[in-house]
Amino acid sequence: MNAAILGYGTVGKSVFRLLERVEGISVRYVLELPDRLNESYMVSDPEVIFTDKDVDIVIDALPGTHPSYEYIKRALECGKHVVSSNKAAICFGFEELNKLAGEKGVSLLYEASCGGTIPIIEEILRIGKLDAIDKVYGILNGTCNYILWQMDKNSMDYGEALSLAQKAGYAEADPRADVSGFDVRNKIIILSSLAFDSFLEQDIPTVGIERIDKDLLCRFRSEGKVIKLLGMAVCSGSSYALAVAPAAIPETALEAGVPENFNMISFNGEYSGEIKLYGQGAGGDPTADAVVRDVEKILYKDPAEYGRTFEKKPGYDPALLRGTCHVGDQIYPDSVLSDMALKAEKEGKSFVFEFNA
Ligand code: HSE
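In this report, we go over the structure that sits alongside the text. (Residues numbered from 1 in each chain as written. Predicted model: local features only at pLDDT ≥ 70, side-chain atom pairs only at ≥ 80, totals over all residues. Heavy atoms only, no water.)

1. A word on the overall build of the chain
Line of reasoning, step 1. Secondary structure summary: the chain contains 13 helices and 15 strands in total.
Line of reasoning, step 2. At 20 Å, the chain has a C-alpha radius of gyration in line with the 21 Å of a compact globule built from 357 residues.
Line of reasoning, step 3. Excluding contacts between residues fewer than 6 apart, the proportion of contacts in the chain whose partners are at least 24 apart in sequence is 69%.
Line of reasoning, step 4. Taken as a whole, the chain presents about 15200 Å² of accessible surface, with 49% of it coming from carbon and sulfur. (Helix = DSSP H or I, 4+ residues; strand = E, 2+ residues; numbered from the N terminus. Rg over C-alpha atoms; globule rule 2.2 N^0.38 Å. Contact = heavy atoms within 4.5 Å. Areas by Shrake-Rupley, 256 points an atom, 1.4 Å probe, with all protein chains shown as cover.)

Okay, structure coming up:
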């Protein structure tokens, strides 16, 4: 099979290197910027890739929603299998791209889009076939975890920790997507849609870590709690709620010990009970590992993951996520997360949700 890699940044380069270990696949093209075409296989016109009938798999390693979404769509329309690490583009066109892949009978795989190297999508799909999953939550952004971990452990300033995360290649091209919680929003929507068997609401409460400072971390530490940015999704009967917010969790919780760029994602099945997966959620090599596992699925003709369709239509009820909320110095017990997050936003104050798994 022949593959083309869209993008030759941190992830694209790692994918290129790792694919050299896979027998039966060769990289025919790499899409690069016009001023960086220094190898014979590099092209800057994506149409060269989409219209070449010998290209079987298009690997999207681009950042941001556009033009990645348009490229995925075009590749599927041209009958190519697509593997993407791009959560923003996959989340943006989730229902439409799945439908298109189904119509064209090609695979659309995106394991690397959520949790880097962690095989979370595979496990949610495998377990969700039999079991009813009613909760998905976790640390889903390596950059934010790295920043909060550095600030907490080394009493580092936010700006210093962010620039270290950028240097390590964890952050998005525009790190605002990380620190604003937008990146986690995309990931929790993708994961919980697969877990709850439905295309879910995209307009969800999303609070980032920009207003978390060293003093706030210290204050919660003195009460035996650690702040982590969590994506949270719960389903109860025919209703569900999703949110992204800084969460105070007990120091004894496994999530509290998650260091550096690592992610920890949990889900709860009716029969399985709670399952936690842990690994590097950001960085070129760990992400490439998940991309290449998806490529191998296509290559070895594992039961192909064509576009998904969902039967269920649960209702969005933000009130399902409730608990103690901190808006600045004020504490609001038993409150709805979405209401309090909005209040904090309006008042320009920090927001922390006390999360009990
Ligand atoms: N910027 C993302 C993160 C990359 O830090 O988690 C992986 O999705």
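Continuing now.
2. Looking at the pairing of strand β8 (residues 225-236)
Line of reasoning, step 1. Among the 12 residues of β8, 10 are classified as buried, and the element is accordingly described as predominantly covered.
Line of reasoning, step 2. In this sheet, β8 lies alongside strand β7 (residues 133-139) in antiparallel orientation, the contact comprising four bridges. Across the sheet, residue Val 136 finds its bridge partner in β8, namely Ala 233.
Line of reasoning, step 3. Pairing of β8 with strand β9 (residues 239-250), which is carried by 12 bridges, proceeds in the antiparallel orientation. Residue pairing for β9: Lys 225 is matched across the bridge by Pro 250.
Line of reasoning, step 4. Counted along the chain from β8 to the antiparallel partner β9, the turn is two residues long, and its residue Gly 237 has a positive phi close to 60°. (Buried < 20%, exposed > 50% of the residue type's maximum accessible area, 1.4 Å probe, protein only. Pairing = 2+ DSSP bridges.)

3. Examining the site of the ligand
Line of reasoning, step 1. Taken together, Lys 87, Asn 141, Gly 142, Thr 143, Tyr 170, Ala 171, Glu 172, Asp 178, Asp 183, Lys 187, Gly 281 and Ala 282 make up all the residues around the ligand.
Line of reasoning, step 2. The contact in question runs from an oxygen atom of the ligand to an N or O atom on the side chain of Lys 87, over 2.7 Å.
Line of reasoning, step 3. Lys 187 places a side-chain nitrogen or oxygen 2.8 Å from an oxygen atom of the ligand.
Line of reasoning, step 4. Considered on its own, the ligand offers 260 Å² of accessible surface; in the complex 93% of this is hidden by protein.
Line of reasoning, step 5. Placement of the ligand is best described as lying within the largest pocket.
Line of reasoning, step 6. Those elements giving two or more residues to the shell around the ligand turn out to be α7 (142-154) and α10 (182-196).
Line of reasoning, step 7. For the shell around the ligand, the class distribution of residues is three nonpolar, four polar and five charged. (Near = heavy atom within 4 Å. Polar contact = N/O pair within 3.5 Å; in protein donor to acceptor, adjacent residues only side chain to side chain. 1 Å grid on protein atoms, 1.4 Å probe; cavity = no way out; pocket = protein on both sides within 12 Å on 5 of 7 lines; lining within 4 Å. Sits in = over half its atoms within 2 Å of the grid points. Nonpolar A, V, L, I, M, F, W, Y, C, P; charged D, E, K, R; others polar.)

4. Looking at the nonpolar core
Line of reasoning, step 1. If you look at the biggest cluster of nonpolar residues, it comprises 77 residues, and the most contacted ones within it are Ile 49, Ile 120 and Val 136.
Line of reasoning, step 2. Per element, the largest residue contribution to this core is eight residues, and it comes from α10.
Line of reasoning, step 3. Counting only domains with at least three residues in this core, you end up with domain 1 (2-116 + 284-299) and domain 2 (120-282 + 321-354).
Line of reasoning, step 4. Excluding residues within four positions of it along the chain, Ile 120 makes contact with Glu 111, Cys 114, Leu 191, Ile 265, Phe 267 and Leu 277.
Line of reasoning, step 5. Among the nonpolar cores identified, the runner-up in size contains 26 residues, and Tyr 137, Leu 230, Met 232 and Ala 344 belong to it. (Core = buried A, V, L, I, M, F, W, Y, C linked by side-chain atoms within 4.5 Å. Domains from an automatic or database assignment.)

5. Digging into the layout of surface pockets
Line of reasoning, step 1. Estimates place the volume of the largest pocket at around 850 Å³.
Line of reasoning, step 2. Thr 10, Val 11, Ala 61, Leu 62 and Pro 63 are, among the 45 residues lining the largest pocket, the residues nearest its centre.
Line of reasoning, step 3. Of all the secondary structure elements, the ones that give two or more residues to the lining of the largest pocket are α1 (10-19), α7, α10 and α12 (284-299).
Line of reasoning, step 4. No other element matches the four residues that α1 contributes to the lining of the largest pocket.
Line of reasoning, step 5. Partitioned by chemical class, the residues of the lining of the largest pocket number 16 nonpolar, 21 polar and eight charged.
Line of reasoning, step 6. In this structure, the lining of the largest pocket is formed jointly by two domains, domain 1 (2-116 + 284-299) and domain 2 (120-282 + 321-354), each of which donates at least three residues. (Points joined across faces, edges and corners; volume = space filled by probe spheres on them.)

6. A few points about the sheet that holds strand β4 (residues 57-60)
Line of reasoning, step 1. Read across the open sheet, the six strands follow the order β3-β2-β1-β4-β5-β6; overall the sheet is parallel. For this open sheet the edge positions go to β3 (42-43) and β6 (108-109), each flanked by a neighbour on one side alone.
Line of reasoning, step 2. Pairing between strand β5 (residues 81-84) and β6: two bridges, direction parallel. Within β6, the residue paired with Val 83 across the bridge is Leu 109.
Line of reasoning, step 3. Each of β1 (2-6), β2 (26-31), β4, β5 and β6 is contacted by helix α3 (residues 68-77), which is oriented at about 155° to β5, the strand it contacts most. (Axes fitted to C-alpha atoms, helices over the stretch in contact; angles between N-to-C directions.)

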